[in-house]
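So the chains spell out like this:
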Amino acid sequence: MVDPDFVQQDFQRRLKMISSQGMGLSVDLYSPDLFELVKKLRERGLQPAYFEVFKATTTALTTVRQAMPDIALAYHGEGLWITQPDVQESPFFQQDVGEMVAQLNCIQSLWLNHECAMKQMAGYSFGTYVPPLYTPLSAGVVAENIAVVQQSMDRQGSRMDGTVPLFLLEMPPLTYFAAGTIPIPYFFQLVTQLVPCGLVLDIGHLWTVYRYTAAYRQMSLERFVQEFLDEFPMERVVEIHVAGLACHESVGESKRGERLPEWIDAHAAPIPSILFTILEQVLAHSNLVSLRGVALEVDTKSIELILEEYAEVVRRFSRVVQQTTARGTTGEPWAARVPHPASVQEKMCRSGRQQLCDHYGRYAQIISGQVPLAGPEWQEVAAEESGLTRYRTVYLPHEILHWGGDLAQMYPLTCRTLAEQGICLTEFVPFWFRSPRPLMHSYDFFLLKIERFVEFVTERAPEARVCAEQESEMLRLAYAQANEVVDPMMEMEHTR
Ligand SMILES: [Fe+2]
């Protein structure tokens, strides 16, 4: 068995290598343009202590590092589906980890932040994050996969000061549902008992946990947050995120006026004031002793709104953030929680991984509406099925048809032919989820859409195939050019 005390000591040793940062911004290089944002921040006398930058091309990240040599940078990774029991067998896993380590090195990153979520499972692909199964087996797999990634970072990381970036696992948002058999904070306890990773606590994600679990019917938000934080491994929280929330564009106006709105994670949207109330509660928690930074996540947000919100947050929170991050460097002991009785095997047996692969296959089929809800992980979801129904019937079709590339705009000629033949585009959604598919390349939702749409047209309207292939060729060319052009303004917005 893994000794949790030993893991905690290893975490402490790694944490010591990260200096306190204070308040920062989590950004995308292109949306909005980072250099323009930095210029406008300076004009307003604002100087974030650090920027956490989202994955981009290594060339572009190198340019940023060279242009801003004095500012600390951290890295927001993407595409390592560490929730998945078969991820290490993927032909692209080593390549993806290698690229990620190269990017960490090129920006001399403080840490690697990665969501505890996936966009691919059991051969099915999605456009936006889907939360893991919250089960003990799943926690064990996440811990094992993180250990493998951290080992690669230990071996190949090369920061000039000789330190190694730390893997930070971010608790993901819920988009209307969560499946599992254990409480979400306990899941993160299990993971952190097994692997010396840090955590990112995203305040908006925490709100969605309240909204899309039974909690919102049972208790006040304040009590939920208190109980959640008391069970969550707060001593591992290295970074806090705060971002906007909003109703999804596919949700009708009637839902917007509800007592508790159906908000989901939305980085372009304003930060609702309720999140600052939760932030106060989080910062006051006595076990928050490892904090190194608090970042507003502002990718896709207008620069004007970023300036306004960041100035306000600095005014309101910089002092308490400074005090809290200082707490983390004095070696103050954290109050131990009563340990949960359950434990996880040190090394997951093969049958455990296979079992979880099956669970994820069913997960993908359930949330895409191919099979009915069944099994212990889905009991709570079944008790309030409207959330999953909204995801399956509204959110997911919108994702496949419009998000990260609107099919009608991508394929104007092909879509016209399909319409003439009475083929509705919505039929593409069940086609997409009809069967699992082997991975042909590292995850890229835009390229997947192109591949699958040509297959759909070939099957449903064979005479339109040539047209679809021609339109695909133009799309691929434009996409490749946009991703290689050095000028960031020319970069096509990636699908996040
Ligand atoms: Fe976040």
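All values reported here derive from a predicted model rather than from experimental measurement.

S.K.: Describe the packing of aromatic side chains, and please don't skip the residues or the numbers.
M.R.: Per the stated rule, a full pass over the model turns up 31 aromatic pairs. Relative to Phe187, the ring of Tyr134 has its centre 4.9 Å away and its plane inclined at 90°; by these criteria the two rings are edge-to-face. Taken as a pair, Tyr134 in the loop between β6 (124-130) and α5 (136-156) and Phe187 in helix α6 (residues 184-194) lie far apart in primary sequence, 53 residues in all. For Tyr134, a relative accessible area of 2% puts it in the buried group. Among the residues examined, Phe187 registers a relative accessible area of 0% and is labelled buried. Taken together, the ring pairs connect Phe126, Trp403, Tyr411, Phe428, Phe431, Trp432, Phe433, Phe445, Phe453 and Phe456 into an aromatic cluster. When the ring centre of Tyr129 is taken as origin, the NZ or CZ atom of Lys119, which lies over that ring, is 4.5 Å away. The ring of Tyr216 carries the charged tip of Arg211 above its face, separated from the ring centre by 4.5 Å.

S.K.: Run through the coordination of the iron ion, naming residues and quoting values.
M.R.: Coordination sphere of the iron ion, protein contribution only: Glu170 (OE), Asp202 (OD), His241 (ND1) and Glu297 (OE), at 2.0 to 2.4 Å. Its 4 donor atoms give the iron ion angles of 84 to 178° at the centre, a pattern that matches the irregular case. Each donor residue of the iron ion lies on one chain, and together they are spaced E-x31-D-x38-H-x55-E. With a gap of 56 residues between them, His241 in strand β9 (residues 237-242) and Glu297 in strand β12 (residues 293-297) connect regions that are remote in the sequence. Residue His241 is classed as buried on the basis of its relative accessible area, which comes to 0%. Looking at Glu297, the relative accessible area reads 1%, which means it is buried.

S.K.: Pulling in residues and values, what's your account of the pattern of salt bridges?
M.R.: For the coordinates displayed, the defined rule picks out 24 salt bridges. Lys301 serves as the salt-bridge partner of Glu309, at 2.6 Å between the closest nitrogen and oxygen. Given the relative accessible area of 10%, Glu309 is considered buried. Given a relative accessible area of 2%, Lys301 falls into the buried group.

Reading the values: rules and limits
Going along each chain's sequence as written, the residues are numbered from 1 onward. A pLDDT threshold of at least 70 governs which residues receive local features in this predicted model, and a stricter bar of 80 or more applies before side-chain atom pairs are shown or counted, although totals over entire chains, interfaces and linings include all residues. Note: side-chain values were computed over all heavy atoms of the structure, leaving out hydrogens and water. When two rings of Phe, Tyr or Trp (its six-membered ring) have centres within 6.5 Å they constitute a pair, described as stacked for plane angles under 30 degrees, edge-to-face for angles over 60, and tilted for the intermediate range. The secondary structure listing takes helices from DSSP runs of H or I that are at least 4 residues long and strands from runs of E that are at least 2 residues long, numbered from the N terminus. Only protein chains enter the area calculation, which uses a 1.4 Å probe; residues under 20% of their type maximum are buried, those over 50% are exposed, and those in between are partly exposed. Whether a charge sits over a ring comes down to the Lys NZ or Arg CZ being within 6 Å of the ring centre and within 35 degrees of the ring normal. With water omitted from the atoms examined, metal sites may look incomplete; donors here are N, O and S atoms no farther than 2.8 Å from the metal, or 3.2 Å in the case of Na, K and Ca. Every geometry call rests on angle ranges, with four donors termed tetrahedral when all angles are between 85 and 135 degrees, four termed square planar and six termed octahedral when opposite donors are over 155 degrees apart and all others are between 65 and 115, and everything else termed irregular. When a carboxyl oxygen of Asp or Glu is within 4 Å of a side-chain nitrogen of Lys or Arg, the pair counts as a salt bridge.

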